[in-house]
Amino acid sequence: MEEQLPVPLSELVLLNLFLGSISYVLGIVFIFMVLRANQFNWSKFLLISIITIFLSVIYSFFIWIYWPFQFDIIYGPFHLPTLTRVFHSSIILLKLFGYKLRLRKKD
């Protein structure tokens, strides 16, 4: 059996972005809906979305390395480490920016 060559970090990041692309889209839609229900601001939406993606890429690597469960890391179109990190990071960032986690506007 041949030894595996080292993989550059850039390729791992691209692989993570590709595998978790649906999870990232769901996370950004979640952020958009929360901001829309509160007071929408494009600059905060972009800032929270970019920070969420950045943190999720980093954190999902750690989960990917130490995946403790018996089931597969990818369930259908969802990359589970990315999915959990996107929603965890987005909720924390939304709270830090002072947004309430509601999805509908109060009338």
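Before any of the text, the structure's been laid out above.
Let me sum up the structure you'll find in this document.

Scoring rules and cut-offs
Residues numbered from 1 in each chain as written. Predicted model: local features only at pLDDT ≥ 70, side-chain atom pairs only at ≥ 80, totals over all residues. Heavy atoms only, no water. Helix = DSSP H or I, 4+ residues; strand = E, 2+ residues; numbered from the N terminus. Buried < 20%, exposed > 50% of the residue type's maximum accessible area, 1.4 Å probe, protein only. Contact = heavy atoms within 4.5 Å. Areas by Shrake-Rupley, 256 points an atom, 1.4 Å probe, with all protein chains shown as cover. Phe/Tyr/Trp six-rings, centres within 6.5 Å; stacked < 30°, edge-to-face > 60°.

Here we take up the overall build of the chain. Along the chain, the regular secondary structure elements total 4 helices and 2 strands. Counted from the first residue to the last, the chain has its helices and strands arranged as α-α-α-β-β-α. By its C-alpha atoms, the chain is 65 × 30 × 20 Å across when sized along the principal axes. Buried positions account for 29% of the 107 residues belonging to the chain. Of the contacts formed within the chain by residues at least 6 apart in sequence, a portion of 72% connects residues at least 24 apart. Total accessible area on the chain stands at roughly 7,700 Å², and carbon and sulfur atoms take up 69% of it.

One pass over the structure, following the stated rule, counts 6 aromatic pairs. Seen from their ring centres, F30 and F87 are 5.5 Å apart, and the 65° between their planes marks the pair as edge-to-face. Of this pair, F30 sits in helix α2 (residues 21-37) while F87 sits in helix α4 (residues 80-96); the two residues are 57 residues apart in sequence, bridging distant segments of the chain. Given a relative accessible area of 17%, F30 falls into the buried group. On the basis of relative accessibility, which here comes to 25%, the residue F87 falls in the partly exposed class. With a centroid separation of 4.9 Å and 90° between ring planes, the pair formed by F40 and W42 is classed as edge-to-face. Overall, the relative accessible area of 28% leaves F40 in the partly exposed class.

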